[in-house]
Amino acid sequence: MGNRVSDILSIRYPLLMGAITDKVRLAAAVSEAGGLGCIDGNVTPEQLRRDIREFRTISSRPFSANFPLKSTPARTLQERMEIIAEEHVPVVLSSAGSPAQWTNFLHDAGVLVAHVVPTVYHARKAVEAGVDVVVGEAYESGGFRGETDVTTMVLIPAIRRALPNVPLVAAGTISDRYGYVAARALGADGVQVGTRLIATHEAEFPEHYKKLILAADDTSTMSADGPLRPRISKPEFAERVLGENKRIQMGQGAALIDNILTVEEVFQEIFRGGAEHARRVAEELDLLNTVATTANPAG
Ligand SMILES: Cc1cc2nc3c(=O)[nH]c(=O)nc-3n(C[C@H](O)[C@H](O)[C@H](O)COP(=O)(O)O)c2cc1C
């Protein structure tokens, strides 16, 4: 059976890396594991070209470049998008803003567009603009969620109801097999992962990032102020763990992460573990139905 997200993006597993770092190594490891690695598009033109080429020295697989649209001046975006087109980057992962202005330009250059949205309204607008993949990013995630507080349990099924055929990715708190199976059960075709990928051997992050993610529990994050409202570590939590108030961006799903894995191991947990978990849930549901029928044959 085909998968709408992995088919359109030409990847093996429907897992997109979120836009979490300007280092290329992690992105290449994610693409090599069968997902869609992501490089940071919001860097100087020289670095962008260098990063695209560096990625290609490590992996010949598809990858994306991220552009938070609203926070980047139009001229800067134009220059970067031209580089994306010239270098034939397979996918742009756009976020924080309207994709309407860029989608046609990118499609003309053969570049696919996945766009991050926080509500059903924004998902509809993205589809009207012609994007190829919609990424629903909910309140719990480590990303920019704007002024809305819609949770995954509502956002993903609501987008799926509104747009039954769109290739749909759920972003936020997917850290393991349980999050993956839950996202798929809610109607997503795939997932976008940020915080879990920071806690990997391949991720080149300052040590305090990994330390805070490993130490986090369900109460360790909060919404930052400002229009983009990323989710960040609470000051008192950082103070307790690090002895100083360093704040990092991370999702609530950090509560579920207690080890550093390789990227390959993250994929195994999510996709092998996910298949096992989904089977167990399906078997239990079947059993419940069988018991119900036996107990009440007429019903
Ligand atoms: C440290 C960090 C930096 C991020 N920076 C960006 C960014 O520049 N642009 C963007 O679209 N999303 C950004 N995100 C959000 C990710 O792309 C992704 O959607 C999110 O991390 C998924 O939620 P999770 O962290 O709970 O897995 C960032 C997330 C983190 C944790």
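Residues numbered from 1 in each chain as written. Predicted model: local features only at pLDDT ≥ 70, side-chain atom pairs only at ≥ 80, totals over all residues.

Some thoughts on the sheet that holds strand β5 (residues 112-117)
Part 1: Read across the sheet, eight strands follow the order β1-β8-β7-β6-β5-β4-β3-β2 without closing on themselves; strand pairing throughout is parallel. Whereas interior strands pair on both sides, the edge strands pair on one side only; in this sheet they are β1 (15-17) and β2 (37-40). Neighbour to neighbour, the strand axes of the sheet diverge by 30 degrees on average, direction disregarded.
Part 2: Both strand β6 (residues 133-137) and strand β7 (residues 168-171) contribute to a ladder of four bridges, which runs parallel. The residue bridging E137 from the neighbouring strand is A171, located in β7. (Pairing = 2+ DSSP bridges. Helix = DSSP H or I, 4+ residues; strand = E, 2+ residues; numbered from the N terminus. Axes fitted to C-alpha atoms, helices over the stretch in contact; angles between N-to-C directions.)

Comments concerning the site of the ligand
Part 1: Taken together, 25 residues are adjacent to the ligand, and G18, G142, G143, G194 and G251 come closest.
Part 2: Those elements that place two or more of their residues in the shell around the ligand are β3 (63-68), β8 (190-193) and α9 (195-198).
Part 3: Here the shell around the ligand is built from residues that sort into nine nonpolar, 14 polar and two charged. (Near = placed C-beta within 6 Å. Nonpolar A, V, L, I, M, F, W, Y, C, P; charged D, E, K, R; others polar.)

Here's the deal with unusual backbone geometry
Part 1: In this model, S10 sits at a positive phi of 55 degrees, which is unusual for a non-glycine residue.
Part 2: Here S10 shows up in the loop between α1 (4-9) and β1.
Part 3: Take S10: there are 12 C-beta atoms within 10 Å of it, and that puts it in the exposed class.
Part 4: Backbone geometry at A96 places phi at a positive 45 degrees, although glycine is not the residue there. (Buried ≥ 20, exposed ≤ 12 C-beta atoms within 10 Å, placed from the backbone.)

Considerations on the nonpolar core
Part 1: A27, A114, V134, V169 and L197 are the most contacted members of the largest nonpolar core, which has 80 residues in total.
Part 2: The greatest single-element share of this core, amounting to six residues, is contributed by helix α2 (residues 24-32).
Part 3: Among all residues touching V169, those that are not within four sequence positions of it are V5, L16, A114, V133, V135, A188, D189, G190, V191 and Q192. (Core = buried A, V, L, I, M, F, W, Y, C linked by C-beta atoms within 7 Å. Contact = placed C-beta atoms within 7 Å.)

Section: the environment of A28
Part 1: If you trace the backbone, A28 turns up in helix α2.
Part 2: The exposure class assigned to A28 is buried, which follows from the 23 C-beta atoms found within 10 Å.
Part 3: Residues in contact with A28, not counting those within four places in the same chain, are G37, F55, I58 and S59.

Details of the pairing of strand β4 (residues 91-95)
Part 1: Burial analysis of β4 places five of its five residues in the buried class, the great majority of the element.
Part 2: What you see with β4 is no split at all: V91, L93 and S95 on one side and V92 and S94 on the other are buried throughout.
Part 3: Alignment of β3 against β4, held across five bridges, turns out to be parallel. Each residue of the ladder has a partner; that of P68, found in β4, is S95.
Part 4: Handedness of the β3-helix α4 (residues 74-86)-β4 crossover: right-handed.
Part 5: Both β4 and β5 contribute to a ladder of four bridges, which runs parallel. Considered in β5, the bridge of V91 is made with L112.
Part 6: Read as a crossover between parallel neighbours, the route from β4 over helix α5 (residues 100-108) to β5 is right-handed. (Right-handed = clockwise from strand over helix to strand, strands pointing away.)

Here we look at the environment of S233
Part 1: For S233, the location among the structural elements is in strand β10 (residues 231-233).
Part 2: Along the primary structure S233 and S223 are separated by ten residues, whereas in three dimensions their C-alpha atoms are 8.7 Å apart.
Part 3: Each residue touching S233, except ones within four places of it in the same chain, is listed here: L212, S220, T221, A238, R247, I248 and M250.

Looking at the environment of T221
Part 1: With respect to the secondary-structure elements, T221 resides in strand β9 (residues 221-223).
Part 2: Distance from T221 to T21, taken between C-alpha atoms, is 19 Å for residues 200 residues apart in sequence.
Part 3: Not counting residues within four places of it along the chain, the set of residues in contact with T221 comprises A216, R231, I232, S233, K234, M250, Q252 and A254.

Notes on α4
Part 1: Relative to the 18 Å expected for 13 residues at 1.5 Å per residue, α4 spans 18 Å between its end C-alpha atoms, a close match to the ideal helical length.
Part 2: Those residues of α4 that fall on the buried side of the exposure criterion are R80, M81 and I84. Buried residues of α4, viewed axially, fall in a sector of 105 degrees; they line one side. Of the exposed residues in α4, the ones pointing more than 90 degrees away from its buried face are R75 and E86.
Part 3: Just beyond α4, the residue with positive phi is H88, at close to 55 degrees. (Expected span 1.5 Å × (residues − 1). Arc of directions from axis to C-beta.)

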